[in-house]
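Chain and residue survey
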Amino acid sequence: MADEANLKKMIEASYPKYKVESIKKTSYSGLYEVFMGGQIVYTDEKFSFLIAEGRIVDPKTKKDVTGERLEDLTKIDFSSLPLASAIKTIKGDGSRKLVVFSDVDCPFCKRLEQNEFTHLNNITIYTFLFPIEKLHPDAKNKSRLIWCAKDRSKAWLDWSLNEALPSGKANCEAPTEQVLELGSKLGITSTPTLIFSDGKRMLGAQSYKEIEKVLNSIKL
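Just so it is clear, the structure is predicted and the values come from calculations on it, not from any experiment.

**Looking at the overall build of the chain**
- Scanning the chain from N- to C-terminus turns up seven helices and nine strands.
- Each principal axis of the C-alpha atoms in the chain carries an extent, and together these give about 65 × 35 × 25 Å.
- Within the span of the chain, comprising 220 residues, buried residues form 44% of the whole.
- Considering only residue pairs separated by 6 or more positions, the chain has 62% of its internal contacts joining residues 24 or more positions apart.
- When the accessible surface of the chain is split by element, carbon and sulfur atoms take 50% of a total near 12500 Å².
- Side chains of the chain carry 33 positive and 30 negative charges; the gap between the two charge centres is 2 Å.

Next comes the structure, spelled out in structure tokens:
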């Protein structure tokens, strides 16, 4: 049996920029699952090869084993999220919970609001304004204007649906830097990123049917 501590040392020596979060032996021909850099890779006990960007699929059940494991390993503790730093929008009875990391100038974030979220009901959506400056240089300024508006939820929807920003200046302290730090800690690298109350994350402007499917699978 491989010494997982030694295997960890070998991997980190070859890839010093990455921290090995976990190593687990799989049931497939001596393969070891290695979780590092937010991804799952595979190797043997001697680190004589590395399978990157590969996926194990169970031929009997057709399940994406790698996808399911990655989903488990990247789950987020929803109760630990600082929701006071997010814009809160309630629809219907607000019984279901959803967090979204959105960049104000991200076209896919707007598409999500315009084409998908309009179909959702009985949900509370917490939107963390997450400006990615290297892509959208003015996103921080727009985020502050929206956050400092008298009605943040209305300001966010006015911008997302109609591209109408609040008038005046941002005369309050917006939690932009704290949200950016939170996103970095959680490994958020793109917008929109959705986080469900069971900790599952979903990337991109997925269809409302896919979002509903996950929401309906969660026990309240």
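**Quick word on a nonpolar patch on the surface**
- Among the surface-exposed residues, Tyr-15, Tyr-18 and Leu-50 lie close enough to one another that they form a single nonpolar patch of about 270 Å² accessible area.
- In this fold, Tyr-15 is placed in the loop between helix 1 (4–14) and strand 1 (20–25).
- For Tyr-15, a relative accessible area of 35% translates into the label partly exposed.

**Quick look at the pairing of strand 2 (residues 32–36)**
- Judged by how many residues are buried, strand 2 sits mostly within the fold: five of five residues are covered.
- Bridge count between strand 1 and strand 2: five bridges; the pairing is antiparallel. If you follow Lys-25 over to strand 2, its bridge partner there is Tyr-32.
- With antiparallel pairing between neighbouring strands as the criterion, strand 1 and strand 2 make up a hairpin whose turn holds six residues, including Ser-29 at a positive phi of roughly 45°.
- In this structure, strand 2 lies alongside strand 3 (residues 39–43), joined through five bridges in antiparallel fashion. If you follow Tyr-32 over to strand 3, its bridge partner there is Thr-43.
- Hairpin remark: strand 2 followed by strand 3, antiparallel, with two residues in the connecting loop; positive phi at Gly-37, about 55°.

**Quick word on the state of the cysteines**
- All told, the structure shown has one disulfide when counted by the stated rule.
- Shown here is the disulfide that connects Cys-148 with Cys-172, its sulfur atoms set 2.0 Å apart. Taking the torsion about the S-S bond as the criterion, the Cys-148 to Cys-172 disulfide, at about -90°, is left-handed. Here Cys-148, found in the loop between helix 4 (139–147) and helix 5 (152–162), pairs with Cys-172, found in the loop between helix 5 and helix 6 (176–186); they are 24 residues apart in sequence, far enough to count as distant.
- Among the residues examined, Cys-148 registers a relative accessible area of 15% and is labelled buried.

**Observations concerning the packing of helix 3 (residues 107–116) against helix 5**
- Interaxial distance between helix 3 and helix 5 falls to 8 Å at its minimum, and their mutual angle equals 95°. Regarding the angle of helix 3 to helix 5, the classification is roughly perpendicular. Contacts between helix 3 and helix 5 involve Lys-110, Glu-113 and Gln-114 from the former and Trp-156, Leu-157, Trp-159, Ser-160 and Leu-161 from the latter.

**Some details on the side chain of Asp-44**
- As for its placement among the helices and strands, Asp-44 is situated in the loop between strand 3 and strand 4 (50–51).
- An unpaired buried charge is present at Asp-44: no salt bridge exists, and Lys-46, the closest side chain of opposite charge, is 7.0 Å distant.
- Polar side-chain contacts of Asp-44 include one of 2.8 Å to the backbone nitrogen of Phe-47.
- Beyond its immediate chain neighbours, meaning those up to four positions away, Asp-44 contacts Leu-7, Gly-30, Tyr-32 and Phe-49.

Cut-offs and rules
Residues numbered from 1 in each chain as written. Predicted model: local features only at pLDDT ≥ 70, side-chain atom pairs only at ≥ 80, totals over all residues. Heavy atoms only, no water. Helix = DSSP H or I, 4+ residues; strand = E, 2+ residues; numbered from the N terminus. Buried < 20%, exposed > 50% of the residue type's maximum accessible area, 1.4 Å probe, protein only. Contact = heavy atoms within 4.5 Å. Areas by Shrake-Rupley, 256 points an atom, 1.4 Å probe, with all protein chains shown as cover. Lys, Arg positive; Asp, Glu negative; His and termini not counted. Charge placed at Lys NZ, Arg CZ, Asp CG, Glu CD. Patch = residues over 30% accessible without salt bridge, like charges linked within 9 Å, V, L, I, M, F, W, Y side chains within 5 Å. Salt bridge = Lys/Arg side-chain N within 4 Å of Asp/Glu carboxyl O. Pairing = 2+ DSSP bridges. Disulfide = S-S within 2.5 Å. Axes fitted to C-alpha atoms, helices over the stretch in contact; angles between N-to-C directions. Parallel < 35°, antiparallel > 145°, perpendicular 65-115°, else oblique. Polar contact = N/O pair within 3.5 Å; in protein donor to acceptor, adjacent residues only side chain to side chain.

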